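Given next are the chains, with one letter for each unit.
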Amino acid sequence: MKMRTLQAFTILAVIAVAAAGLLLPVDMAVRTRLSSSFPPAPDSRVVTVEVDDRALAAFGRWPWPRSLLAQLVGRVAEAGPAAIGVDIILSEPDPNGAGDALLAQIMGEYGRVVLPMHVESYSLPPEAQLYASSSLPVYPVSVLADGAAGIGHVIVVPDSDAVVRRVPMVIGTPQGLFRAFSSEVVRVGLGIPDQEAGIVFRGDLDSTSSVAPAFPFPSAARRMSAVDLLADDRQGFSVDQELSGKFVLIGVTAKGIGDRHQTPVSARIGAMPGLLIHAAAVDAMLSGVAIRSVSPGTAFVAIALTGIVLSVANGAMRRREPHIVAFVAMHFCAAWAAVAISVILYVDYAIWIGPSPFVLLSIGLLGAELYASGARGRKFKAALSRYVGMDSPEQAKMEVAAGTQKMAVMFVDLRGWSAASHGLDPVRAADMVNEYLSAFADAVIECGGTIEGFPGDAVFAVFEGRGCEDIARAVLAATRVRDIARRIAQEKNGGQVGSDSLRGIGVGIAYGDVARAELGGRRRAEFTVVGATVNTAKALEDAAAEGQILVGIPADCAEEEILAAAGSEELGQTTRYRPWQGTVAKVQSGSVGVFEVL
């Protein structure tokens with residue numbers, strides 16, 4: 001697979017994984033941690049008056065008489081707040097009756113009290129942009145509903161990890177659309193007429209018409225116990241100073257009473273009462289600090305662009321041939337940069353984009369690069385082994401560093417090839433000579449030799465590392481090559497064009513000192529063996545007749561020991577020799593003892 005195709009596949013795979021929502025659990029955990037670690041300061045205009053454990057201890061168990069609740073609302077109203085939201089479901093009439101009338105009177109006189117309504121169930125229909133309920137809403141008793149300046153739902157929506165991060169600003173019911181309780185508190189407090197309000201702060205809503213508050217810490221600028229307002233002795237407590245012009249939410253936070261939810265800040269304060277979630281929503285609408293999630297389409301475009309940038313960077317680095325550690329370092333930095341950007345966008349700009357797709361993309365592209373690098377390495381190693389006879393550049397360096405070594409050098413030449421190939425198409429000629437050379441090379445390798453090259457229609461090979469046994473293996477390879485040449489010629493049966501001109505092979509083998517070296521220039525070089533022994537082997541091959549194998553041994557070497565090893569049966573073949581008295585061009589007379597393999 002080409003590198004560009006592999007990179008494109010990796011980018012598309014990450015987009016597909018993100019689109020399927022498989023990374024949401026990771027991103028939600030990251031977002032929860034950020035929310036808990038970097039909560040904003042609460043808006044000073046939001047105050048909660050809570051029926052907490054102190055209040056229950058002072059005024060008795062819940063539910064309180066409606067008259068006591070009316071007294072609490074009246075005390076708050078006396079301070080002149082911008083709006084009062086009573087987060088208590090008042091769907092059942094007061095058993096006494098007078099309590100409802102008293103509360104309705106206080107609400108009517110003040111004129112800016114918002115009450116909640118409730119729906120039993122809700123869902124998000126396909127392709128819809130708001131939550132809807134098929135059940136009828138549960139309203140406050142009529143006398144209270146008539147006196148309320150606004151009525152809103154108190155639904156909060158948990159995500160798939162059961163953490164509440166969103167408050168729907170509107171919900172559909174069989175009796176029409178209803179704004180959120182928090183939205184109604186803000187509308188009434190800002191003096192926006194009901195007919196002109198629409199959905200408050202539409203620009204901050206997500207695709208489900210919900211607002212995602214940043215959940216300030218503490219949950220409100222001022223959290224007051226109902227005791228502070230209802231106690232006879234308030235010890236100089238100034239209601240006017242604390243509540244004047246504020247958006248006040250009244251509700252129950254005592255332990256074991258009311259609804260509680262897991263939120264992004266639960267790690268700091270535990271499960272959060274619904275009152276404080278609505279306070280966070282009011283805070284978000286007043287301060288404008290609401291989390292805006294990047295749309296899926298924008299996120300996918302960002303993933304694709306990031307993948308393209310990383311792919312281009314990989315290509316630029318690849319051309320410089322750096323160590324693989326450089327790729328690892330770059331992708332490691334890219335992954336951390338994605339996390340850092342996500343954190344900065346969230347903390348400084350209240351924008352959320354999950355970092356996990358970008359981290360996965362960085363890891364995936366690094367994996368693709370490592371895979372391609374490994375494939376290139378395997379191809380290079382195979383090419384090195386095929387064309388140079390080495391498994392690695394390190395081995396070549398070791399061979400050069402080793403200096404002069406004893407080894408057997410062999411040249412095998414195909415006799416009559418020039419005449420046989422005359423007039424043939426070049427491709428056909430190459431196929432014909434390769435049939436011979438391939439079979440010759442296999443025989444050399446099977447006998448433990450290394451192919452150094454194919455000069456023309458010849459094979460150049462060496463046998464090294466085994467002492468005197470090297471020449472025995474070279475002779476064994478030569479006899480096999482001779483048999484192979486005869487067999488191929490017989491198979492052609494003299495009927496193929498040019499085959500009658502092939503007259504077998506001539507082989508020259510020399511044993512002695514040889515060194516490996518890099519021959520050539522900066523732009524083109526060849527790694528091969530050099531030395532007088534190589535020249536001698538080539539001269540012997542030139543002097544050999546058709547089917548003849550000549551072996552040359554330097555005069556200063558242990559001739560008898562070498563020939564004894566070459567003629568042993570250890571390699572499965574007994575070889576006989578006889579001295580050869582012919583003339584070898586370019587070889588000084590008496591410097592080499594020449595023997596013919598019978």
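What you see is a predicted model; the values in this text were computed from it and never measured.

Chemist: Would you mind showing me how to read the overall build of the protein here?
Modeler: Scanning the protein from N- to C-terminus turns up 21 helices and 24 strands. The buried share of the protein, taken over its 598 residues, is 49%. In the protein, once contacts between residues fewer than 6 apart in sequence are set aside, the share between residues at least 24 apart is 75%. Within the structure as shown, the protein displays about 28,800 Å² of accessible surface, and the carbon and sulfur contribution to it stands at 55%.

Chemist: I tried to follow the sheet that holds strand 6 (residues 157-158) on my own but got confused; where do I start?
Modeler: As a general point, the strands of a sheet are linked pairwise by backbone hydrogen bonds and lie either parallel or antiparallel. If you walk across this open sheet you meet the 3 strands as 6-7-10, and the pairing is antiparallel. Only two strands of the sheet have a single neighbouring strand rather than two, namely strand 6 and strand 10 (210-211).

Chemist: How should a nonpolar patch on the surface be read in this particular structure?
Modeler: A contiguous nonpolar surface patch, about 370 Å² in accessible area, is contributed by Val 301, Leu 305, Ile 308 and Val 312. With respect to the helices, strands and loops of the structure, Val 312 is situated in helix 13 (residues 296-319).

Chemist: What should I look at first to understand the packing of helix 13 against helix 14 (residues 324-349) in this one?
Modeler: Angle between the axes and distance between the axes are the two parameters that describe a pair of packed helices. Here helix 13 crosses helix 14 at 160°, and the two axes come no closer than 11 Å. In this view, helix 13 runs roughly antiparallel relative to helix 14, as classed from their interaxial angle. When you trace helix 13 past helix 14, the crossing you get is right-handed. Here helix 13 contributes Leu 310, Ala 313, Asn 314, Met 317 and Arg 318 to the contact with helix 14, which in turn contributes Ala 326, Phe 327, Met 330, His 331 and Ala 334. The residue inventory of the contact of helix 13 with helix 14, partitioned by class, reads 7 nonpolar, 2 polar and 1 charged.

Chemist: Hey, could you run me through the side chain of Asp 413 in this one?
Modeler: Mapped onto the elements, Asp 413 comes out in strand 17 (residues 405-414). A polar contact is formed between the side chain of Asp 413 and the side chain of Arg 415, at a distance of 2.6 Å. Filtering out sequence-adjacent residues up to four positions away, Asp 413 remains in contact with Asp 457, Ala 458, Gly 504, Ile 505, Gly 506 and Glu 541.

Chemist: Just checking my understanding: could you explain the packing of aromatic side chains for this structure?
Modeler: Any pair of aromatic rings gets described here by the distance separating the centres and the angle formed by the planes. For the coordinates displayed, the defined rule picks out 8 aromatic pairs. Measuring from centroid to centroid gives 5.7 Å for Trp 62 and Trp 64, while their planes differ by 55°, and the two rings are tilted. What makes Trp 64 buried here is its relative accessible area of 7%. One residue, Arg 268, lies across the ring of Phe 217, its end atom 4.1 Å from the ring centre.

Chemist: Explain the pattern of salt bridges to me, please; I cannot follow it from the model alone.
Modeler: Oppositely charged side chains may form a pair once their charged atoms are brought near each other. Here the structure, examined in full by the defined rule, presents 23 salt bridges. Among the ionic pairs, Arg 223 bridges to Glu 50, the shortest N-O distance being 2.6 Å. Note that Arg 223 is positioned in strand 11 (residues 222-225) and Glu 50 in strand 1 (residues 46-51), a separation of 173 residues in sequence. Of the residues examined, Glu 50 reaches a relative accessible area of 4% and is grouped as buried. Notably, a salt bridge pairs Glu 242 with Arg 222, separated by 3.1 Å at the nearest N-O pair. One end of the pair, Glu 242, is in helix 10 (residues 239-243); the other, Arg 222, is in strand 11, and 20 residues separate them in sequence. Overall, the relative accessible area of 24% leaves Glu 242 in the partly exposed class.

Chemist: Help me understand the nonpolar core, please; the structure alone is not making it clear to me.
Modeler: What tends to happen in soluble globular proteins is that the nonpolar side chains get buried as a cluster. Residues Val 73, Ile 84 and Leu 243 are the most contacted members of the largest nonpolar core, which totals 49 residues. At 7 residues, the largest contribution of residues to this core is made by helix 4 (residues 66-78). Aside from chain neighbours lying at most four places away, what touches Leu 243 is Val 47, Val 76, Ala 79, Gly 80, Pro 81, Met 224, Leu 229 and Val 248. Grouped together as the second largest cluster of nonpolar side chains are 42 residues, Tyr 436, Ile 451, Val 459 and Ile 488 included.

Cut-off values and rules
Residues numbered from 1 in each chain as written. Predicted model: local features only at pLDDT ≥ 70, side-chain atom pairs only at ≥ 80, totals over all residues. Heavy atoms only, no water. Helix = DSSP H or I, 4+ residues; strand = E, 2+ residues; numbered from the N terminus. Buried < 20%, exposed > 50% of the residue type's maximum accessible area, 1.4 Å probe, protein only. Contact = heavy atoms within 4.5 Å. Areas by Shrake-Rupley, 256 points an atom, 1.4 Å probe, with all protein chains shown as cover. Pairing = 2+ DSSP bridges. Patch = residues over 30% accessible without salt bridge, like charges linked within 9 Å, V, L, I, M, F, W, Y side chains within 5 Å. Salt bridge = Lys/Arg side-chain N within 4 Å of Asp/Glu carboxyl O. Axes fitted to C-alpha atoms, helices over the stretch in contact; angles between N-to-C directions. Parallel < 35°, antiparallel > 145°, perpendicular 65-115°, else oblique. Left-handed = near helix turned anticlockwise from the far one by under 90°. Nonpolar A, V, L, I, M, F, W, Y, C, P; charged D, E, K, R; others polar. Polar contact = N/O pair within 3.5 Å; in protein donor to acceptor, adjacent residues only side chain to side chain. Phe/Tyr/Trp six-rings, centres within 6.5 Å; stacked < 30°, edge-to-face > 60°. Lys NZ or Arg CZ within 6 Å of the ring centre and 35° of its normal. Core = buried A, V, L, I, M, F, W, Y, C linked by side-chain atoms within 4.5 Å.

Honestly, it's all geometry; don't read function into it.
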